[in-house]
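# An overview of the molecular structure
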Amino acid sequence: MQDKYLPADIERAAQQHWDSTEAFRVTADASKPKYYCLSMFPYPSGKLHMGHVRNYTIGDVLSRFHKMKGFNVLQPMGWDAFGLPAENAAIKNQVPPAKWTYDNIAYMKQQLKSLGFAIDWRRELATCTPEYYKWNQWIFLRMLEKGVAERKTQVVNWDPVDQTVLANEQVIDGRGWRTGAVVEKREIPGYYLKITDYADELLGDLDELTGWPERVKLMQANWIGKSTGVRFAFKHDIAGDDGALINDGKLWVFTTRADTIMGVTFCAVAAEHPLALHAAKGNAELTAFIEKCKHGSVMEADMATMEKEGLPTGLFVTHPLTGKQVEVWVGNYVLMSYGDGAVMGVPAHDERDFAFAKKYSLPIEQVVAVGDKPYSLDAWQEWYGSKDGACVNSGKYDGLGYEAAVDAIAADLAAQGIGEKKVQWRLRDWGISRQRYWGCPIPIIHCDSCGSVPVPDDQLPVVLPEDCVPDGSGNPLHKREDFLNVPCPCCGKPARRETDTMDTFVDSSWYYARYATTFGKDKMVDDETNYWMTVDQYIGGIEHAILHLLYSRFWTKVMRDLGLVTYREPFAHLLTQGMVLNNAFFHKPEGGGKNYYWESELDIRKDAKGQITGATLKKDGTVLEHELTTMSKSKNNGVDPQSLIEQYGADTARFFMMFAAPPEQTLEWSDAGVEGAYRFLRRVWSFGHLFASEIRGQIGAQRQLAGTKLPDDVAAFRREIHLLLKQANYDLGKQQFNTVASATMKMLNALEKAPRQGALAAEVIEECFGILLRVLSPLTPHISHALWLDLGYGDDILKAAWPEPLDAALVQDEVELMLQVNGKLRGALRVPADAPKDAIEAAALAHEATLKFLEGRAAKKVVVVPGRLVNIVG
RNA sequence: GCCCGGAUGGUGAAAUCGGUAUACACAGCGGACUUAAAAUCCGCCGGCGCAAGCCUUGCGGGUUCAAGUCCCGCUCCGGGCACCA
């Protein structure tokens, strides 16, 4: 064998071996347990970044580990290929998004291959191909038929200069990213999927997902947001222009704090609410305010942090329980799309209402007391919002606690026929229409006579023209007459195609099911999906904890209801990988936006601790700001793993990535330590060479290891390796790969110091190095493959059984216990491994450190923790 | 603003059920080998103290024989907030 570690040669040979043996090609096989290991597919942004390397190495470690454990392992890969960045690249480079995307896929695929991932490439898919997105269209039509999909209006960001809809990402500080124009809200029609119909099941089934991190389930539960409250109406006699009462004379609101209804001092409605629009007639100030509410962001974070503003309408409604008149205000913080577009105002017990009431001098009336704490109007206090109090100043409800008060008040409202208890969800229906080109066309044809007509199944897929180049001024499909003009499927008259495309979350909501099929042209999924699904292990960034995972769960349930699959949840176990962060440097030009620069374009100043204190642009000295954030194409802070792979090889890149931190932890990128990983692999190789040249030859024709009592030093070494193996196996079970990597380093440290003279010692080294190679193989498959083969362990390490520690190697006669006096470490105690508790106590009490630190006091208590320590309290 | 996480040496991190804090590495320092350099190997490496010893897991409290780990209150950093993926 080569005496030098040459990763490029080793890796090429190993990858050729896997290719020629079709090592990772799998089919359904009922004779083995199956293991479907799936990593979130990448967006083909151009090059892999370190987050991808982390994600796919984790998946590969788990896949290879399970393969050696005897599982039938499926690990597929594909491309989440539709999306906004391709259009941005098109605007910048005048290249059609399709070409840019397919070029990126080709490059990134070669990068993935060079990392040696155990992928069944026959199952590769790209969501931008008609073969794939045909089924988005097909199932969308089924959803329309079942009423799961419907058309209604949606609120979007509108750039008044470019005359185009903007994504939230394209709105920066309330302005359009390209034009700098103040963004407006605009209502347009679009298609929605009724995920709210599944809210109960999506919430309830979280309990079955025992393989998911609690934090992710908690985030999903909070997002779905089930709350029980009371929906009730304030009556009024306000009539519209047609003479009829507006909304039948009822202003409906929803509250989770019905116990505070007696404290209502105002109501607030959304700017688009019928009462607001009615009041605005002939009221210039209110009209202007409503107009102002239409500007600004649709994003929840902006809504929640903006200054709460309002204006009175001069209209009054009647309190249903007190009969008092309550003034109606228009509030910029009330959303028409949420509930009934109106809320009751109880400033005494709601922090937001409190601030609003103070600002506009509205009355504040305490109706809940906690103990005898004094209520002061000066400032909001935490307990004002508590549910642990009792009603006061509330007439017949005085003295009732939260639940009793809600029950009594709901009953009284129900008796009047103007209220009832109601479950409310925070979850909203999923709007999937996007006014963008590079996405899956929504299969609808608009006909002047027949309305919106679904494209018949036999005309699917509606193929997206791939030669358009967007220019930022709107969807280029609007100019494609060949795409637009189509006869109506109903009446045959000239009609126009829908130009909206689907949210890319649609594409990623079912790809896992498609991988697990034979990619038939006549079916979305075939029966093979029921063999492979559910995914045994899903791996991806924590940033997908809510949206992508929730949409996928919803989609699976819809497919089940359509009879396409038999399972109800897509992902049994979930590993949420921490983000790989890097500094991003930007400058905020006048007129809004952020211009990001590559680190190579800058002069960066750091303090003694390496903290960045400032950065300027090399070419003109512009002072830049910086933030620590996820690696992303748009922020010019992605680190391409290519140079790492070229310089050190894939095994080093993989090992270093796994060693750097536990998978779930956020990781600030730094390549400090790559050298160490490379050095380690070089030492592994050298030891293999040493084993072949100096140690292996000592092994006799007859193996003696089994049943022979080993010399103490050999036994101690063997025990150390088996202990490390036990630890590594435990850590693999916990999916904590950084300590698996350290265990392999500790194994090599021990091997290098191990006794190596004589047949027995050589045999033990052979056994222990074999353990090291197998534990290492999921992390660094190439070097493990080469050494396994070259050293004669077998012809393919992939077919080797995973090592397990031997009890015979682990036994020990004596254990060392820590000795504490009053909780402080004062010494150590060696006792026989099977020493009884009273013998340990006696030995501890007699120890010189005990006598010294008790300073003549008697021991009041002795705590013995078996195998760990003794603590003497005196 | 709301929801969810995180913080341990100069750095990445370890500590399985509340039981030896800093394993394994990186960087640094000292030494061996070498004409020299690289590579490799050996040693040191939280703070204070001559030492005995004392202090130390973001900050402030608490529970316990014992707290990085549990509880309460903060600070800072990261993720998500529905049209980035």
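Residues numbered from 1 in each chain as written. Chains lettered and ligands numbered in written order. Predicted model: local features only at pLDDT ≥ 70, side-chain atom pairs only at ≥ 80, totals over all residues. Heavy atoms only, no water.

### Looking at the protein's contact with RNA strand B
With respect to spatial proximity, 76 residues lie near RNA strand B, and among them Asn 168, Arg 436, Ala 660, Gln 727 and Asn 871 are the closest. When the atoms of RNA strand B within 4 Å of the protein are sorted by group, sugar and phosphate make up 64%. Between RNA strand B and the protein, one listed contact pairs a sugar or linking oxygen with a backbone N or O atom of Ala 660 at 2.5 Å. Within the contact set of RNA strand B, a phosphate oxygen lies 2.8 Å away from a side-chain nitrogen or oxygen of Lys 824. (Near = heavy atom within 4 Å. Polar contact = N/O pair within 3.5 Å; in protein donor to acceptor, adjacent residues only side chain to side chain.)

### A few points about the nonpolar core
Ranked by internal contacts, the top residues of the largest apolar core, which has 179 residues, are Tyr 36, Tyr 511, Tyr 512 and Trp 555. When residues of this core are assigned to their parent elements, the largest contribution, 12 residues, is made by helix 23 (residues 759–776). Tyr 512 has contacts with Tyr 36, Leu 38, Met 533, Val 535, Ser 552, Trp 555, Thr 556, Pro 570 and Phe 571, leaving out every residue within four places of it along the chain. Core analysis: the second largest hydrophobic core is formed by 41 residues, Phe 234, Leu 311, Val 326 and Val 367 among them. (Core = buried A, V, L, I, M, F, W, Y, C linked by side-chain atoms within 4.5 Å. Buried < 20%, exposed > 50% of the residue type's maximum accessible area, 1.4 Å probe, protein only. Helix = DSSP H or I, 4+ residues; strand = E, 2+ residues; numbered from the N terminus. Contact = heavy atoms within 4.5 Å.)

### Quick word on the sheet that holds strand 22 (residues 451–454)
Within the open sheet, the four strands sit side by side as 22-21-24-23. Their pairing is antiparallel. Looking along the sheet, the strands with just one partner apiece sit at the ends: strand 22 and strand 23 (485–487). Each strand of the sheet is rotated relative to its neighbour by a mean of 40 degrees, with strand direction disregarded. Taken together, the three bridges between strand 23 and strand 24 (residues 494–497) define a ladder with antiparallel strand orientation. By the bridge assignment for strand 24, Asn 485 is matched with Arg 496. (Pairing = 2+ DSSP bridges. Axes fitted to C-alpha atoms, helices over the stretch in contact; angles between N-to-C directions.)

### A short note on the environment of Phe 656
With respect to the helices and strands, Phe 656 occurs in helix 19 (residues 650–660). Exposure remark for Phe 656: the relative accessible area of 5% places this residue in the buried category. As a C-alpha pair, Phe 656 and Phe 769 span 113 residues in sequence and 21 Å in three-dimensional space. Ignoring any residue separated from it by four or fewer positions in sequence, one finds Phe 656 in contact with Trp 669, Ser 670, Asp 671, Ala 672, Gly 673, Val 674 and Ala 677.

### Here's the deal with unusual backbone geometry
In this structure, Pro 461 follows Leu 460 across a cis peptide bond, with omega equal to -5 degrees. Looking at the element boundaries, Pro 461 is found in the loop between strand 22 and helix 13 (481–484). One non-glycine residue with positive phi stands out, namely Asp 248, at about 60 degrees. If you trace the backbone, Asp 248 turns up in the loop between strand 10 (226–235) and strand 11 (250–255). Taking the relative accessible area as the measure of exposure, Asp 248 reaches 64% and is therefore exposed. The phi torsion at Ser 361 lies on the positive side, around 55 degrees, for a residue other than glycine. Judged by its relative accessible area of 65%, Ser 361 falls in the exposed class.

### Description of the packing of helix 19 against helix 22 (residues 737–753)
Close contact between helix 19 and helix 22 brings their axes to 6 Å; oriented N to C, the two are set at 115 degrees. Crossing hand, helix 19 versus helix 22: left-handed. Two secondary-structure elements touch here, helix 19 through Phe 655, Met 658 and Phe 659 and helix 22 through Phe 737, Asn 738, Ala 741, Ser 742, Thr 744 and Met 745. In terms of residue class, the contact of helix 19 with helix 22 is made up of six nonpolar, three polar and no charged. (Left-handed = near helix turned anticlockwise from the far one by under 90°. Nonpolar A, V, L, I, M, F, W, Y, C, P; charged D, E, K, R; others polar.)

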